[in-house]
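As a plain string of letters, each chain reads:
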There are 2 protein chains.
Amino acid sequence: MKLKSVDISKTASASSIVFEALRKAIIEGDLTEGEPLRQDEIARLFNTSRIPVREAISRLEEQGLVKTQRYKGAVVSGLSATEAEEIFDFRALIEPEVIRRAVPQMSPETLEKARASWAAFSQSSDPMTWGDLNRDFHSTLYQASGLQYHLDVIDNAMDRIDRYLRAQLVLSNGMERANEEHMEIWEACMNGNADLAAERTRRHITGARESLIQNIHSLR
Amino acid sequence: MKLKSVDISKTASASSIVFEALRKAIIEGDLTEGEPLRQDEIARLFNTSRIPVREAISRLEEQGLVKTQRYKGAVVSGLSATEAEEIFDFRALIEPEVIRRAVPQMSPETLEKARASWAAFSQSSDPMTWGDLNRDFHSTLYQASGLQYHLDVIDNAMDRIDRYLRAQLVLSNGMERANEEHMEIWEACMNGNADLAAERTRRHITGARESLIQNIHSLR
DNA sequence: ATATTGCAAATTGGATCCAATATAAAATAG
DNA sequence: CTATTTTATATTGGATCCAATTTGCAATAT
């Protein structure tokens, strides 16, 4: 007899749950730069002991999202202006190449899914979801490349600047501009023009970089 | 009264010690692909409890060096041929740009230190140290760029393919070839020719990539 | 009043113990 | 004898307890 397999293993470990929750809180800016992470407090919040909390924190440190000092504890790590710029430079180097290699492999489903993220992004009025939809749009297109390592590295880079990107979108005309650029990138993908998609992605990123530098003072 | 300051805080935590030891063992190939990491066994080896061991393992997982399954434990993760190729592609994208930006900032000390690593590399007869000296050479030059995030990411990429690179150096004429290419890269840096250093770095990496593909069967 | 010292509370790092799960071996049914 | 079930052992995940260290505050001296 064959049973429908139900994935019971999806019940994640406590440390994973804490890790994801803290990661989300940090990249969304709920936990702000310099904020100390008290193991005891977090443990109480999640109804666990400090052991899974410590595991989560050590993973966050490995990702560069927190810094810990022996016997002093962990604090959410921030980004200096130059560090933020460096990550934009990094993205401007990687992401164009990833999308260039992704374009030839994009299925109609991929394009449709990206279009949906873009549409939701352009119509959403809630600043809190903008960041997510923005990431969805790009990552959907990138995933077609099948370059898993590149995707992981990009994800980490995005985690580090997510807070600042969100702030960017709210400020000035960041929203409309991103929106338009997304459309142009999507169009290039739709037409199978890999080089154009790459170039537009590059400009999308360097543009964000410049606008961040300009707003750097209002952000911190 | 002024005392000479002694850094007593260098006494690292147990989890860090275990982490570093395991990381080294993995990238050097002492722990081979698929090898299970038994918490109890490792704890005994380091005279600690399993707690620091688990923290170390979770950090290794975050770096992609091990894979864990709930209630089953951790095993050293390997690389498929395509994954290895992808990481070489990644390096070929990043490292030329890093060295391009590093060249204008290289001090005589940097160049001398790199030359020393290169000389030690070319004269060493011990395959076990080749990998280290190779990394020293490149990373010394890259560090002049001051691009910390890029350096961290490169380090992680190197960690993942270190084992395979070492094997490369031993096989065929990998050693002499690397040696010659290092000289050429160093020369370009010495002459302040950033573009040439970048191009030679790119070819150095893509060359290693091709030779890995050729030897892929003998490696696994 | 200010600076220094001593002490107590808070906090982290690690050890030991217990629960949950997986794996291997033994027992049992056909 | 083979396949299934049951049991025992090994292993991991987490809770609780203890030690090491930091930090804030009071006590003391100048």
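These figures come from a predicted structure and were not determined experimentally.

Moving on to the relation of the copies chain A and chain B. Each copy superposes on the other: chain A lies on chain B with an RMSD of 0.0 Å after a rotation of 180 degrees and an axial shift of 0.0 Å. As the rotation angle and translation indicate, the two copies are arranged about a two-fold axis. A high fraction, 100%, of the interface residues of chain A reappear at the interface in chain B, so the copies pair face to face through one surface.

Neighbouring DNA strand D are 20 residues; Ala14(A), Ser49(A), Tyr71(A), Arg50(B) and Arg54(B) lie closest to it. Restricting attention to atoms of DNA strand D within 4 Å of the protein, one finds that 64% of them are sugar or phosphate atoms. One nitrogen or oxygen atom from the side chain of Arg38(B) is found 3.3 Å from a phosphate oxygen belonging to DNA strand D. Within the contact set of DNA strand D, a base nitrogen lies 2.9 Å away from a side-chain nitrogen or oxygen of Arg50(B). Within the residue set of the surface near DNA strand D, elements represented by two or more residues are helix 1 (14–27) and helix 3 (50–62) of chain A together with helix 3 (50–62) of chain B. No other element matches helix 3 of chain B, which puts 3 residues into the surface near DNA strand D. Partitioned by chemical class, the residues of the surface near DNA strand D number 7 nonpolar, 7 polar and 6 charged.

Here we come to the domain arrangement of chain A. Residue and element names in this part refer to chain A. Taken domain by domain, chain A comprises domain 1 (12–76) and domain 2 (81–219). With centres defined by C-alpha atoms, the gap from domain 1 to domain 2 works out at 27 Å. Residue-level contacts link 10 residues of domain 1 with 9 residues of domain 2. Between domain 1 and domain 2, the buried area comes to about 810 Å², and carbon and sulfur atoms account for 40% of it. The largest share of the area that domain 1 buries against domain 2 comes from Ile27, Glu28 and Gln63, three residues that together contribute 55% of it.

Rules of the game
- Residues numbered from 1 in each chain as written.
- Chains lettered and ligands numbered in written order.
- Predicted model: local features only at pLDDT ≥ 70, side-chain atom pairs only at ≥ 80, totals over all residues.
- Heavy atoms only, no water.
- Least-squares fit on C-alpha atoms with pLDDT ≥ 70 in both.
- Contact = heavy atoms within 4.5 Å.
- Near = heavy atom within 4 Å.
- Polar contact = N/O pair within 3.5 Å; in protein donor to acceptor, adjacent residues only side chain to side chain.
- Helix = DSSP H or I, 4+ residues; strand = E, 2+ residues; numbered from the N terminus.
- Nonpolar A, V, L, I, M, F, W, Y, C, P; charged D, E, K, R; others polar.
- Domains from an automatic or database assignment.
- Buried area = accessible area lost by both parts, 1.4 Å probe.

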